[in-house]
Amino acid sequence: MKTIDLIKILQNYPIFTDNDVAKILNKKPEYIKTLLYRMKKRKLIYKIERGKYTIYDDAFIFSSHISIPSYISLWSAIRYYDLTEQLPKTIFIMVPKSRKSLKFKDTLIEFAKTKYFFGYKKEHYKGFEIFIAEPEKAIIDSLLSKKVPFDEIIKAIKTKSLNIKKLTAYAIKTKNKSLMKRLGFILEENKFKCQRLMRFVDNNQTFLDWALRRKGKINKKWRIIENRK
């Protein structure tokens, strides 16, 4: 098979492995290894990590296929849904087990471990299926991971593009009381209904913004320490 014909076949894969190519060509591993090395050298394909390749230079196409199961979330998903004007250079991928980040061209692909594996869906992006958090789950993941600036989370909520009922339900599903108190306080401050979250308020005090000073006025209703305006 000619290289150009192989490329046409590989265009159907967001990500492919040396085993995929071996099955297509029915060749031995040694031949495939040499072939892929030469194709990479000619910049016909890109290496993502050991044994995994792509012909696309847009990491958003394949990033949720690197580790299975996984889905795009945090700042990347917030930007995807136009809930922020920021353009993060990192693609955040939620995974059930810890793994190292990797660099693809100028893009950092960072993997964030989560035990809350729900609230994501398939989306069509440039002709491929990607796995990405729903807007509401992206906010929940952001509040839990603390990898997104607090200001950006507030801005996303203020767009009023979110399903508040679903956002509240997802918060409750995590059973994380600090999260539910933070979210309840934020929603109430922005005139959203959040009565369902009130029953999860405990006696422990939670800092509103985890990145700022550890003091501030105490909101007795939500047991939140308002360490920011």
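Residues numbered from 1 in each chain as written. Predicted model: local features only at pLDDT ≥ 70, side-chain atom pairs only at ≥ 80, totals over all residues. Heavy atoms only, no water.

## Quick notes on the sheet that holds strand β11 (residues 217–219)
Spatially, the 3 strands line up as an open sheet ordered β10-β12-β11, and their pairing is mixed. The open sheet has two edge strands with one neighbour each: β10 (206–207) and β11. Bridging between β11 and strand β12 (residues 224–226) involves 3 bridges; their strand directions are antiparallel. Residue Lys 217 lies in a different strand from β12, and its bridge partner there is Glu 226. (Pairing = 2+ DSSP bridges. Helix = DSSP H or I, 4+ residues; strand = E, 2+ residues; numbered from the N terminus.)

## Overview of the pairing of strand β5 (residues 90–95)
As a general feature of sheets, a regular strand has side chains that alternate between the two faces. With 6 of its 6 residues buried, β5 lies for the most part within the structure. The alternating pattern of β5 places Thr 90, Phe 92 and Met 94 on one face and Ile 91, Ile 93 and Val 95 on the opposite face, and all of these are buried. By the bridge criterion, 2 bridges tie strand β4 (residues 71–72) to β5 in an arrangement that is antiparallel. Considered in β5, the bridge of Ile 72 is made with Ile 93. (Buried < 20%, exposed > 50% of the residue type's maximum accessible area, 1.4 Å probe, protein only.)

## Focus: the packing of aromatic side chains
Where two aromatic rings form a pair, the distance of their centres and the angle of their planes describe that pair. For the structure shown, the criterion picks out 12 aromatic pairs. Centroid distance Phe 62 to Phe 104: 4.8 Å. Interplanar angle 75 degrees. Geometry classified as edge-to-face. Here the residue Phe 62 occupies a position in helix α4 (residues 59–62), and Phe 104 occupies one in strand β6 (residues 102–104), the gap between them amounting to 42 residues. In this structure, Phe 62 and Phe 104 share a single accessibility class: buried. Centre to centre, the rings of Tyr 80 and Tyr 81 are 5.2 Å apart; their planes meet at 85 degrees, and the pair counts as edge-to-face. The rings of Phe 60, Tyr 80, Tyr 81 and Tyr 125 are connected pair by pair, giving a single aromatic cluster. (Phe/Tyr/Trp six-rings, centres within 6.5 Å; stacked < 30°, edge-to-face > 60°.)

## Describing the sheet that holds strand β1 (residues 16–17)
Taken together, 3 strands build an open sheet; the order of strands is β1-β3-β2 and the sheet is antiparallel. Bordering the open sheet on either side are β1 and β2 (46–49), each of which pairs with just one other strand. Taken together, the 3 bridges between β2 and strand β3 (residues 52–54) define a ladder with antiparallel strand orientation. Bridge pairing in β3 places Lys 47 opposite Tyr 53.

## A few points about the side chain of Ser 70
Relative to the assigned elements, Ser 70 resides in the loop between α4 and β4. Looking at Ser 70, its side chain comes within polar contact range of the main-chain oxygen of Ser 64, at 3.0 Å. Among the polar contacts made by the side chain of Ser 70, one reaches the main-chain carbonyl oxygen of Ser 67 at a distance of 2.6 Å. For Ser 70, the residues in contact, after removing those within four places along its chain, are Ser 63, Ser 64, Ile 93, Met 94, Val 95, Phe 117 and Phe 131. (Polar contact = N/O pair within 3.5 Å; in protein donor to acceptor, adjacent residues only side chain to side chain. Contact = heavy atoms within 4.5 Å.)

## Considering the environment of Phe 192
On the secondary structure map, Phe 192 appears in the loop between α9 (177–189) and β10. As a C-alpha pair, Phe 192 and Ser 64 span 128 residues in sequence and 33 Å in three-dimensional space.

## Some points on helix α3 (residues 29–41)
Here α3 spans 18 Å end to end across 13 residues, near enough to the 18 Å set by a 1.5 Å rise per residue. Within the sequence span of α3, burial applies to Ile 32, Leu 35, Leu 36 and Met 39. Buried residues along α3 cover an arc of 95 degrees about the axis, so they all sit on one side. Facing away from the buried surface of α3 by more than 90 degrees, the exposed residues are Glu 30, Lys 33, Tyr 37, Arg 38 and Lys 41. Against the buried residues of α3 lie α1 (3–10), β1, α2 (18–25) and β3. Phi turns positive, to about 60 degrees, at Lys 43, one or two residues after α3. (Expected span 1.5 Å × (residues − 1). Arc of directions from axis to C-beta.)

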